[in-house]
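Single-letter residue listing:
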Amino acid sequence: MTDQGGADSMDTGDTVLTIDAGAQGDSVDVDGVEVIDPLAEKATMELKTKALQDPQVLAALQDHLDNLVGQRSGYIESLPKVVKRRVKALKNYQVKYTQMEAKFYEEVHQLECKYAKMYEALFEKRKDVVTGAVEPTDSDCEWDSSDDEEEETDEKGDLKEKAKLEEDKDEESPSGIPDFWLTILRNVEILSDMIQDHDEPILNHLEDVRVKFHEGSQMGFTLEFHFSANDFFTNAVLTKSYQMRSEPDENDPFSFEGPEIISSSGCTIDWKKGKNVTMKVIKKKQKHKGKGTTRMITKTVQNDSFFNFFSPPKGPEEGAEVDEETESLLSADFEIGHFIRERIIPRAVLYFTGEAIEDDEYEEEGEEEDAEGEEGDEEDENDPDFDPSKDGGKPQECKTQ
């Protein structure tokens, strides 16, 4: 039955339950018994579904969830004092571990210094071949070329190859490996972005890049860029030094993650007259405030160039704050120096051929595919209609024998 107010009533014998469809909420409580209004419940569900389909609502929800990440649950604060006391003991053990870890990295650096001297002979041979100072022997040039479609592996092909080499010797051929280091720099994105068109004629003279590790109490390394005689500057070697720290911060020991670069310093480039590509002259109009007349003035400003790498921004003094722009420049400078030392110098030929770059790309793609695969598995598990027995005819663990 329906009363005059539009509410639905149900006669249950001794008790009449009245449900107002216009009232807020979707249930009423009668004598401790909750009665659900199916129409109100359906309307609520439809409202929730529409809300979750609204991009703005979803964005607000995601933002709220992001803000929750990293927040304390309150569990640690709720622990009894005796348990908190034991946690403090674990933290002291952690500090001692960090101090031992710092010693470990110091010994690793000493090992790097030792092996760097052993690598020198190989790097010197590489330089000699690149510059054309030495022609590698036949035994040095033996290489399994089964993956190279342009090479013939049969005996007849080898004879033809040797004959071709003899012909090349008679004709005028390039010395060494032309543009070896310029090609490497161009192949690496973070370095290629630094190179301007006016830098290339200079980098054509780059013959070698080496790293020298600092021995002693101050951990660090120096990058050396060796140039042949050229029309741009008189330096034979340009250097960039990086200072590192491997001690935990006393005020924040748990932030220690190994050696970190703390500062860098470049060198003075002795540019020949009119050849400094790091500076440019611009002309500007200047207006006289009182007379209103104008005149042309020239001004020297910094120019984009790879060679600005040898004039890094100065880091802040200890305890001083650094602005966001300087911090970003320092971070990029440290990243580039570390990359040249760790990747470019040891694996130069692979960056020249592009093989090292392909390896890096495969690693990144592999990570993305793994993430997508996990996501897909999750979707399958949450799909009510998903039947594992129909997925390829085998359960997941049986795919690999």
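Everything in this summary refers to the structure shown in the same document. Bear in mind that the values here come from a model prediction, so they are computed numbers and not experimental data.

### Topic: the pattern of salt bridges
- Tallying each qualifying case throughout the model produces 10 salt bridges.
- Residue E112 pairs with R341 through a salt bridge whose shortest N-O separation is 2.8 Å. Separated by 229 residues along the polypeptide, E112 in helix 4 (residues 81-131) and R341 in helix 10 (residues 324-344) bring together distant segments of the chain.
- Residue R341 is classed as buried on the basis of its relative accessible area of 8%.
- One salt-bridge network, in which partners are shared between bridges, spans E120, E124, D208, R210 and K212.

### Re the sheet that holds strand 8 (residues 260-265)
- Strand order across the open sheet formed by 4 strands is 5-6-7-8, with antiparallel pairing between neighbours. Each edge of the open sheet is held by one strand with a lone partner, namely strand 5 (206-213) and strand 8. Looking at each pair of strands side by side, their axes are set apart by 20 degrees on average, direction ignored.
- As defined by bridge partners, strand 6 (residues 220-227) adjoins strand 7 (residues 237-245) across 7 bridges and the pair is classed as antiparallel. Looking at strand 7, one finds that E224 is bridged to T239.
- Contacts from helix 4 reach strand 5 and strand 6 within the one sheet, and its direction differs from that of strand 5 by about 170 degrees.

### Topic: the packing of aromatic side chains
- Tallying each qualifying case throughout the model produces 21 aromatic pairs.
- Between F306 and F309, the aromatic rings sit 6.1 Å apart at their centres with planes inclined by 25 degrees, giving stacked as the arrangement.
- On the basis of relative accessibility, which here comes to 5%, the residue F309 falls in the buried class.
- Among the aromatic side chains, those forming a connected cluster through ring pairs are F225, F227, F233, W271, F306, F307, F309 and F310.
- Of note, K240 hangs over the ring of F309, and the distance from its end group to the ring centre comes to 3.5 Å.

### Things to note about helix 7 (residues 180-187)
- What helix 7 keeps buried is the set F180, W181, L182, I184 and L185.
- For helix 7, the secondary structure elements touched by its buried residues are helix 4, helix 8 (189-192), helix 9 (200-203), strand 5, helix 10 and helix 11 (348-353).

### Describing the pairing of strand 6
- Most of strand 6 sits inside the fold, with 8 of its 8 residues counted as buried.
- Here strand 6 shows a buried face lined by G220, T222, E224 and H226 and a second buried face lined by F221, L223, F225 and F227.
- By the bridge criterion, 7 bridges tie strand 5 to strand 6 in an arrangement that is antiparallel. Within the sheet, the bridge partner assigned to K212 lies in strand 6 and is T222.
- The turn linking strand 5 back onto strand 6 is made up of 6 residues, and G216 within it adopts a positive phi angle of 110 degrees.

### A few points about a positive patch on the surface
- There is a patch of like positive charges on the surface, built from K81, K84, K88 and K91.
- Secondary-structure assignment places K81 in helix 4.
- A residue is classified by how much of its surface remains accessible, and K81, at 75% relative accessible area, is exposed.

Conventions and cut-offs
Residues numbered from 1 in each chain as written. Predicted model: local features only at pLDDT ≥ 70, side-chain atom pairs only at ≥ 80, totals over all residues. Heavy atoms only, no water. Salt bridge = Lys/Arg side-chain N within 4 Å of Asp/Glu carboxyl O. Helix = DSSP H or I, 4+ residues; strand = E, 2+ residues; numbered from the N terminus. Buried < 20%, exposed > 50% of the residue type's maximum accessible area, 1.4 Å probe, protein only. Pairing = 2+ DSSP bridges. Axes fitted to C-alpha atoms, helices over the stretch in contact; angles between N-to-C directions. Contact = heavy atoms within 4.5 Å. Phe/Tyr/Trp six-rings, centres within 6.5 Å; stacked < 30°, edge-to-face > 60°. Lys NZ or Arg CZ within 6 Å of the ring centre and 35° of its normal. Patch = residues over 30% accessible without salt bridge, like charges linked within 9 Å, V, L, I, M, F, W, Y side chains within 5 Å. Areas by Shrake-Rupley, 256 points an atom, 1.4 Å probe, with all protein chains shown as cover. Lys, Arg positive; Asp, Glu negative; His and termini not counted. Charge placed at Lys NZ, Arg CZ, Asp CG, Glu CD.

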